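Given next are the chains, with one letter for each unit.
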Amino acid sequence: MLIYEILFRKFRFEDIAALIDFEFLPTGDLFSRCVIFIGFAHNFVQVWSLSLADDGEDPLCTHQLQCDIRCLLYSMSFFGMSAADLVVASGTIFNEIVIWDPFGDGAPSQRVRGHQGVLFSTRWSEDGMRIASTSDDRTLRLWRRTGKGSCKGDILNCPFKPVYASFGHTARVWNSVFLPSLGPDAVASVAEDGTCCIWDTDGANLATLRGHVLKNVWSVATDATARILVTGGGDSSIKLWD
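Residues numbered from 1 in each chain as written. Predicted model: local features only at pLDDT ≥ 70, side-chain atom pairs only at ≥ 80, totals over all residues. Heavy atoms only, no water.

Caption draft 1: Molecular detail of the overall build of the chain. Along the chain, the regular secondary structure elements total three helices and 19 strands. Per-residue burial for the chain yields a buried fraction of 52% across its 242 residues. Counted over contacts in the chain with a minimum sequence separation of 6, partners at least 24 positions apart contribute 42%. For the chain, the accessible area works out to roughly 11600 Å², and carbon and sulfur atoms hold 54% of it. (Helix = DSSP H or I, 4+ residues; strand = E, 2+ residues; numbered from the N terminus. Buried < 20%, exposed > 50% of the residue type's maximum accessible area, 1.4 Å probe, protein only. Contact = heavy atoms within 4.5 Å. Areas by Shrake-Rupley, 256 points an atom, 1.4 Å probe, with all protein chains shown as cover.)

If you want it as structure tokens, here you go:
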């Protein structure tokens, strides 16, 4: 809650409305400080330093950069275990994933193409080897690269190549989450049609979960074991699936 309070206190409403992702990374002795990476809908990243002590210190913006691909985004996600290692995956309205370094010169390192519609989500696997993406084209797509798992240079430079494109939803696909308990390439996706689809490591549909009333399941996550699936729908309900 502290992070959200800081964001809303320090940014104007129009900035918050354009915020699409943030990453919280503790730093300092006994995690006395943190760095917050904030991603905005115009493919722009800010870095804020924040004291976690109750000392009245205001957050300080230490860095900001806009990607050279200057377009509207509906999705952005960060990957990295430390500030220096962080990489951005932006899902653009031009049907592509842009991989870029928030501490670089703004130039895209990769432009991953294949979707036939705007992207609504980009999700990293825990090891940074894969990206799952969802789109207006009603597909879930999985992308995989070679190289070392958490190596920033490999993430930026080893091409992400298509593994599968899965059709099963009858409307726009909003979000996804990896399901490592079913395999490294297994994913769950949620969509405007009110369903959650489970995809195996080959992109085949294992199950279609129905339970939300009306349309739009907006969010999906797992518990720490990745065996319990959690979905949030436009019907104001949260459902757990075992």
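Moving on, there is more to tell.
Caption draft 2: Quick peek at the pattern of salt bridges. In the structure shown here, the tally under the stated rule is eight salt bridges. The partner of Lys 152 in a salt bridge is Asp 101, with the nearest N and O atoms 2.8 Å apart. Here the residue Lys 152 occupies a position in helix H3 (residues 152-157), and Asp 101 occupies one in the loop between strand S7 (96-100) and strand S8 (108-113), the gap between them amounting to 51 residues. Comparing Lys 152 with Asp 101, the two get one shared label, buried. A salt bridge links Arg 141 to Asp 137; the shortest N-O distance between them is 3.7 Å. (Salt bridge = Lys/Arg side-chain N within 4 Å of Asp/Glu carboxyl O.)

Caption draft 3: Structural context of the nonpolar core. Membership of the largest hydrophobic core comes to 16 residues, with the highest contact counts inside it found for Phe 37, Val 45, Met 76, Phe 78, Val 88 and Trp 100. Mapped onto this core, the elements with two or more residues apiece are strand S2 (33-40), strand S3 (44-51), strand S5 (73-79) and S7. Top contributing element to this core by residue count: S5, with three residues. Residues within four places of Val 88 in sequence aside, it is in contact with Val 45, Met 76, Ser 77, Phe 78, Val 98, Ile 99, Trp 100, Pro 102 and Trp 124. By size, the runner-up hydrophobic cluster in this structure holds 13 residues, among which are Phe 79, Ile 99, Val 112 and Phe 160. (Core = buried A, V, L, I, M, F, W, Y, C linked by side-chain atoms within 4.5 Å.)

Caption draft 4: Geometry of the sheet that holds strand S19 (residues 238-241). Taken together, three strands build an open sheet; the order of strands is S17-S18-S19 and the sheet is antiparallel. Since the sheet does not close on itself, it has two edges, and those belong to strand S17 (217-222) and S19, each with one partner. Recorded for the sheet is a direction-independent mean angle of 20 degrees between the axes of neighbouring strands. Here strand S18 (residues 229-233) runs beside S19; their pairing, made up of four bridges, is antiparallel. Bridge pairing in S19 links Gly 232 to Ile 238. (Pairing = 2+ DSSP bridges. Axes fitted to C-alpha atoms, helices over the stretch in contact; angles between N-to-C directions.)

Caption draft 5: Structural context of the sheet that holds S5. Taken together, the four strands give an open sheet; going across it, the order is S5-S6-S7-S8, and neighbouring strands pair in antiparallel fashion. Sheet topology places S5 and S8 at the edges, where each strand pairs with a single neighbour. Each strand of the sheet is rotated relative to its neighbour by a mean of 20 degrees, with strand direction disregarded. Where strand S6 (residues 87-92) meets S7, four bridges bridge the pair, whose relative direction is antiparallel. If you follow Ala 89 over to S7, its bridge partner there is Ile 99.

Caption draft 6: Broad picture of unusual backbone geometry. At Arg 138, a residue that is not glycine, the phi angle is positive and equals roughly 75 degrees. Inspection of the secondary structure assignment puts Arg 138 in the loop between strand S10 (130-135) and strand S11 (139-144). Judged by its relative accessible area of 43%, Arg 138 falls in the partly exposed class. Of note, Ser 236 is a non-glycine position whose phi angle comes to about 70 degrees, a positive value. If you trace the backbone, Ser 236 turns up in the loop between S18 and S19. Owing to a relative accessible area of 73%, Ser 236 belongs among the exposed residues under this scheme.

Caption draft 7: Expanded view of the packing of aromatic side chains. Throughout the structure, instances matching the rule amount to eight aromatic pairs. Each member of the aromatic cluster is reached from another via a ring pair, and the members are Tyr 74, Phe 120, Trp 174 and Trp 218. (Phe/Tyr/Trp six-rings, centres within 6.5 Å; stacked < 30°, edge-to-face > 60°.)

Caption draft 8: Region of interest: the environment of Lys 161. Here Lys 161 is to be found in strand S12 (residues 161-167). Once residues within four sequence positions are removed from consideration, Lys 161 is found in contact with Leu 142, Trp 143 and Arg 144.

Caption draft 9: View of the side chain of Ser 121. Checked against the element boundaries, Ser 121 lands in strand S9 (residues 119-124). Classification of Ser 121 as buried rests on a relative accessible area of 1%. Polar side-chain contacts of Ser 121 include one of 2.5 Å to the side chain of Thr 134. Contact partners of Ser 121, with chain neighbours within four places excluded, come to Ser 75, Ala 132, Ser 133, Thr 134, Trp 174, Asn 175 and Ser 176. (Polar contact = N/O pair within 3.5 Å; in protein donor to acceptor, adjacent residues only side chain to side chain.)

Interpretation in functional terms is not warranted from these geometric data alone.
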